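The primary structure of each chain is shown beneath.
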Amino acid sequence: MTHIDAGSELDPVHPVKPPASEGAVAVRASGLSSAEVAERIARGEVNDVPVRSSRSTAEIVRGNVFTRFNAIIGVLWIIMLFVAPIQDSLFGFVIIANTGIGIIQELRAKKTLDGLAVIGEAKPTVRRDGVAAEISTSEIVLGDVIELGPGDKVVVDGEVAEADSLEVDESLLTGEADPVLKKPGDVMMSGSFVVAGGGAFTATKVGREAYAAQLAEEASRFTLVHSELRTGISTILKYVTWMMIPTAIGLIISQMVVKDNDFKNSVARTVGGIVPMIPEGLVLLTSVAFAIGVIRLGRKQCLVQELPAIEGLARVDVVCLDKTGTLTEGGMDVTELRPLGGADETYVRQVLGALGESDPRPNASLQAIKEAYPDEAEWRVLESLPFSSARKYSGASFSDGTGENSTWLLGAPDVLLPQGDPALAEIDDLNAQGLRVLLLARATGSDLTDPKIGAGAKATALVVLEQRLRPDAGETLAYFADQNVAAKVISGDNAVSVGAVAGKLGLPGAENTVDARTLPTDQAEMAKVLDENAVFGRVTPQQKRDMVAALQSKGHTVAMTGDGVNDVLALKDADIGVSMGSGSEATRAVAQIVLLNNSFATLPSVVAEGRRVIGNITRVATLFLTKTVYSVLLAILVVCSQVDYPFLPRHLTLLSTLTIGVPAFFLALAPNKERAKPHFVKRVMRYAIPSGTIAAVSTFTTYLIARHYYTGPDALAAETSAATLTLFLVSMWVLAIIARPYTWWRIGLVAAMGLGFLIVLVVPWLQNFFALKLIGTTMPWTAVGIAVAAAALLELAWRWVGKKWPA
């Protein structure tokens, strides 16, 4: 409760009414002086926790350079530089180029992410030299007096100095959902946030000493973890490593111990067999695809605080929308005032004006009332009760200057009035039009802390407010419906009013609204109601959290959008939390995605970006792993047959560049609207294994036929050229399948890769450089014939796999 003297002097820069509640200090704390701030900075008592939104430059370089496969390839590259011509060491230069591209793209993403983080950073209001001003969180020093209002996050540990019905939610720290009423002298913990009221606290711990400093730093960091794509690729790489080790050992023994050939040639062919087993570009392309996604979304003023959120939103099948601030704009307009029971309209206007002035931090509804009815009577505020989502009303007690005191409540009519009250019928008609209605009621008691203060209150007037619909909300809802993503509107407002707003925006099922007070508490039963309905009103903050959990229990991937304090817990529990940039600091802190432009219409872009990343990486992963499969099988066939390995590193570098490296880069960044599907590893391997097997068997068949066809000292080079032709054509057919559905640029990409190989075959110096020269006509045409048969087999295999194990 707050007792305020109307004559108190207020700060001209940032007005705050000095509390004098129980235990409160009588004088408003003026904060530190500039000299004291300078002294504390010199002592290092600054809140200098390096909260980063991205990895540091050193971490980016280290993460891209020092990988397991780069180490293996690096060793093999150094060996090749000593024993073979430079063209057999090209794979090393390709890896350097790829790693460089990865570093550059991630640095670009870091720059974008860090820039957006600064734009979206909440700045606490701190009093210094008696003046309140916003400063960066990192500039807070020990002893600073920090002001608080609804939605503000407590950024450092401290002690309450002033409290004006200050209610703090510490659930993110303690797990306790109920707000805690704070009084002067109470401890404030960083990581908690204000749900109602206001006040100020003095910083007692800053920097790394603050309770939630490490948690906040970790939560804000740029990360690639907890992603099905990343986890799936790690699983694949683990299996590849286990396959590589015995196969590579067998190849080394076969080529360098058993075979009595030229040592340097044996080393070159051994390395040529090991290098293509490594899908080194797959991790790089995944990182690049994510990084470019961040950059693209950054241009649309969308801050992705955790990279997997791009992927996660693409997998969402239920999106829960808070009406206020998401479907509607933050502001409201008072459209009508309806006095009840013969109340005098002039007097009602005076009451509303006084109520508007009683709250130093009014919500959107009270702000609209404050603008419509200026406080001209200047009544003295005796006590005030800020609005809270749990109560659904605010209130204040006044002295009107004539010696008469009165207590007024302003809030949800269906909460303040008993069922069956005649005024409710009138309110339902207004709600059905999508209008928001608040009831002004005069309380019979004067104790605003009494939960039963509303009982017996006399309905005095209805305040009708019109919410401003977001012009793009209807199109966004239509997009989600088209993408088979169920939209659930969950709001603390009246259910009929919420349904009317949703209906205006064309939401399917908007006519069937559910009052959350009638929802079952059992999770399974609640989930059933949620599946069957789309619009829910009078939802409490805890219910929002329960509704998210109920949907998740049914196997749904849930996204939650919101901008208010009452959305924080649900945002945190949802698979993907989306906050508006103008929302409270607490919502921005827990959300994975922040829409800095406050536009709900940005969400389809995030979904599209996620689908592009997932769909394209699935495509290119099939390309990379087809190469791994055929490389391992070729090595096994060579070991079992005790023949020379057919390829030098230069051959496979050429093939990898033309059939995987270059096309994969373009395919990974292309538009892709396919809905994201689960089971990444299964979906990739079901095509990679048969494709790689067909490529290996057809290539080895050509090689064995060529070994019987060619004789003489130069026979191995001719045999290699024939085998290379078959492998290239089969790999090109795999690329042609993966490039579907065809567009002009995809056809051009496949054609350009084929043209590149043809140029190598016909230009003499390129023939020598890559040691590729087709001898005669019989064997080359035989290689082409085998490749054609393999291509037909590939088509059959892909169709059979698609029917046997549909995605």
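This structure is a prediction, so every number in the text was calculated from the model and none was measured. (Residues numbered from 1 in each chain as written. Predicted model: local features only at pLDDT ≥ 70, side-chain atom pairs only at ≥ 80, totals over all residues. Heavy atoms only, no water.)

## Description of the pairing of strand β9 (residues 318-321)
The following threshold applies: The rule is simple: take the accessible area with a 1.4 Å probe, protein chains only, and divide by the maximum for that residue type; under 20% is buried, over 50% is exposed, in between is partly exposed. Only DSSP runs of H or I reaching four residues or more are called helices, and only runs of E reaching two or more are called strands; each is numbered from the N terminus. Paired strands are those between which DSSP finds at least two bridges.
The two faces of β9 match: V318 and C320 on one face and V319 and L321 on the other face are all buried. By the bridge criterion, 4 bridges tie β9 to strand β16 (residues 486-490) in an arrangement that is parallel. Along β16, the bridge assignment pairs V319 with A487. Of the pairings in the sheet, the one linking β9 to strand β19 (residues 558-562) comprises 4 bridges and is parallel in character. In the sheet register, V318 faces β19, and the bridge partner there is V558.

## Regarding the side chain of T460
Worth spelling out the cut-off: By the criterion applied in these results, polar contacts are pairs of N or O atoms within 3.5 Å in which, for protein atoms, one can donate a hydrogen and the other can accept it, and in which residues neighboring in sequence qualify only through two side-chain atoms. We call two residues in contact whenever any of their non-hydrogen atoms come within 4.5 Å of each other.
Tracing the sequence through the fold places T460 in strand β15 (residues 458-469). Look at T460 and you get buried, because its relative accessible area is 8%. Within the structure, the side chain of T460 is placed 3.1 Å from the backbone oxygen of K458, a separation counted as a polar contact. T460 has contacts with P339, L340, A343, V348, W408, L440, A441 and R442, leaving out every residue within four places of it along the chain.

## Considering the pattern of salt bridges
Pairing of side chains with opposite charge becomes possible as their charged atoms draw close. Keep this limit in mind: Put simply, a salt bridge is a Lys or Arg side-chain nitrogen that is within 4 Å of an Asp or Glu carboxyl oxygen.
Going through the model one piece at a time under the given rule, you end up with 19 salt bridges. For K370, the salt bridge goes to E357, with nearest N and O atoms at 3.9 Å. Here K370, found in helix α12 (residues 364-372), pairs with E357, found in helix α11 (residues 345-358); they are 13 residues apart in sequence, far enough to count as distant. K370 sits in the partly exposed class, given a relative accessible area of 25%. Between R538 and D414 there is a salt bridge, and its shortest N-O distance comes to 2.9 Å. Of this pair, R538 sits in the loop between β18 (535-537) and α18 (541-553) while D414 is found in helix α13 (residues 413-416), placing the two residues 124 residues apart along the sequence. What you see here is one network of salt bridges that share partners, running through D414, D515, R517 and R538.

## Focus: the packing of aromatic side chains
Heads up, the rule is: Two aromatic rings from Phe, Tyr or Trp, using only the six-membered ring of Trp, form a pair when their centres are within 6.5 Å; if the ring planes differ by under 30 degrees the pair is stacked, by over 60 it is edge-to-face, and anything between is tilted. The criterion is that NZ of a Lys, or CZ of an Arg, lies within 6 Å of the ring centre and within 35 degrees of the ring normal, and then a charge sits over that ring.
The final tally for this structure, using the stated rule, is 13 aromatic pairs. Measuring from ring centre to ring centre gives 5.7 Å for Y347 and W379, while their planes differ by 45°; the resulting arrangement is tilted. Of this pair, Y347 sits in helix α11 while W379 is found in the loop between α12 and β11 (380-385), placing the two residues 32 residues apart along the sequence. Residue classification places Y347 among the partly exposed residues on the basis of a relative accessible area of 24%. The structure contains a cluster of three or more aromatic residues connected by ring pairs, namely Y347, W379, F398 and W408. The side chain of K238 reaches across the aromatic face of Y239, ending 5.7 Å from its centre.

## A few points about helix α25 (residues 744-762)
Test applied: A helix is expected to span 1.5 Å for every residue after the first. By construction, the arc corresponds to the directions joining the helix axis to the C-beta atoms.
For α25, spanning 19 residues, the distance from its first C-alpha to its last is 27 Å, which sits close to the expected 27 Å at 1.5 Å a residue. Taken as a whole, α25 has its buried residues at R746, L749, V750, M753, F757, V760 and L761. Angularly, the buried residues of α25 cover 125° about the axis, an arc narrow enough to put them on a single face. Seen from the buried face of α25, the exposed residues on the opposite side, beyond 90 degrees, are W744 and V762.

## Description of the nonpolar core
Nonpolar side chains in soluble globular proteins generally cluster together in the buried interior. Formally: Definition of nonpolar core: a set of buried residues of the types Ala, Val, Leu, Ile, Met, Phe, Trp, Tyr and Cys, connected through side-chain atoms within 4.5 Å.
F91, I617, V620, L623, F680 and F757 are the most contacted members of the largest nonpolar core, which has 92 residues in total. Element by element, the count of residues in this core is highest for helix α21 (residues 603-641), at 13 residues. When near neighbours in sequence (up to four residues on either side) are disregarded, F91 contacts I73, L76, W77, M80, V271, V275, P649 and T653.

## Observations concerning the sheet that holds strand β21 (residues 593-595)
Across a sheet, paired strands are connected by hydrogen bonds in the backbone, their directions being either parallel or antiparallel. Just so we agree on the cut-off: Helix axes are fitted to C-alpha atoms over the stretch in contact, other axes to C-alpha atoms as well, and angles between N-to-C directions run from 0 to 180 degrees.
The strand order across the open sheet built from 8 strands is β8-β21-β20-β19-β9-β16-β18-β17, with neighbouring strands paired in mixed fashion. The open sheet has two edge strands, β8 (302-304) and β17 (513-515), and neither has a second partner. The sheet shows a mean angle of 20° between the axes of neighbouring strands, direction not considered.

## Focus on a nonpolar patch on the surface
Stated formally: The patches reported here contain residues having more than 30% relative accessible area and no salt bridge. Joining distances are 9 Å for like charges and 5 Å for nonpolar side chains (Val, Leu, Ile, Met, Phe, Trp, Tyr). We get accessible surface area from the Shrake-Rupley algorithm with a probe of 1.4 Å; when it comes to residues, only the shown protein chains can shield them.
A cluster of nonpolar residues, I78, L81, F82, I86, F93 and I96, forms a patch on the protein surface that exposes about 620 Å² of accessible area. Elements with a minimum of two residues in the nonpolar patch: α3 (68-83) and α4 (90-120). Checked against the element boundaries, F82 lands in helix α3.

## Re the environment of R315
Note on placement: R315 falls in helix α10 (residues 308-315). For the pair R315 and I576, spaced 261 residues apart in the sequence, the C-alpha separation amounts to 9.9 Å. Of the polar contacts made by the side chain of R315, one reaches the side chain of E311; its length is 2.9 Å.

## Notes on the side chain of E147
Among the secondary structure elements, E147 is positioned in strand β3 (residues 145-148). Side-chain polar atoms of E147 contact the side chain of R127, separated by 2.7 Å.

## Examining the pairing of β19
In terms of burial, β19 is a largely internal element, 5 of the 5 residues being buried. As paired strands, β19 and strand β20 (residues 576-580) are joined by 4 bridges and run parallel to one another. In the sheet register, G562 faces β20, and the bridge partner there is S579.

## Thoughts on helix α15 (residues 473-482)
Of the residues making up α15, those classed as buried are A473, G474, T476, L477 and F480. One side of α15 carries all its buried residues, which in axial view fall inside an arc of 165°. Facing away from the buried surface of α15 by more than 90 degrees, the exposed residues are E475 and D482. Phi turns positive one or two residues past the end of α15, at N484, with a value near 60°.

## Focus: the environment of C320
Tracing the sequence through the fold places C320 in strand β9. Excluding residues that lie within four positions of it along the chain, C320 makes contacts with K488, I490, L551, V558, A559, M560 and T561.

## Some words on the confidence of the model for the protein
For residues with low pLDDT, the predicted coordinates do not support detailed interpretation. Inclusion rule: Each residue carries a pLDDT value, the predictor's own confidence for that position, ranging from 0 to 100.
Across the protein, the average pLDDT comes to 81, with 89% of residues at or above 70. Ranking the elements of the protein by mean pLDDT puts helix α6 (residues 213-219) last with 47 and α25 first with 94. Scored below 50 in pLDDT, residues 215-225 shows 29 contacts in the model against residues more than four places distant or in partner chains.

## So, the environment of L440
Along the chain, L440 falls in strand β14 (residues 436-442). Here the alpha-carbon distance between L440 and A457, two residues 17 residues apart in the chain, equals 9.4 Å. Here L440 is in contact with V348, V351, L352, L355, W408, L409, L410, K458, A459, T460 and A461, once residues within four sequence places are set aside.

## Structural notes on the packing of α15 against α21
To keep it simple, the criterion reads: Geometric relationships in this document are graded by angle, where less than 35 degrees denotes roughly parallel, more than 145 denotes roughly antiparallel, 65 to 115 denotes roughly perpendicular, and other angles denote oblique. Classification used: nonpolar for Ala, Val, Leu, Ile, Met, Phe, Trp, Tyr, Cys and Pro, charged for Asp, Glu, Lys and Arg, polar for all others including Gly.
Look at α15 against α21: their axes get within 10 Å of each other, and the N-to-C directions meet at 30°. Between α15 and α21, the crossing angle belongs to the class labelled roughly parallel. Side by side, α15 and α21 meet where T476, Y479 and F480 of the first sit next to L603, P604, V607 and A608 of the second. Partitioned by chemical class, the residues of the contact of α15 with α21 number 6 nonpolar, 1 polar and no charged.

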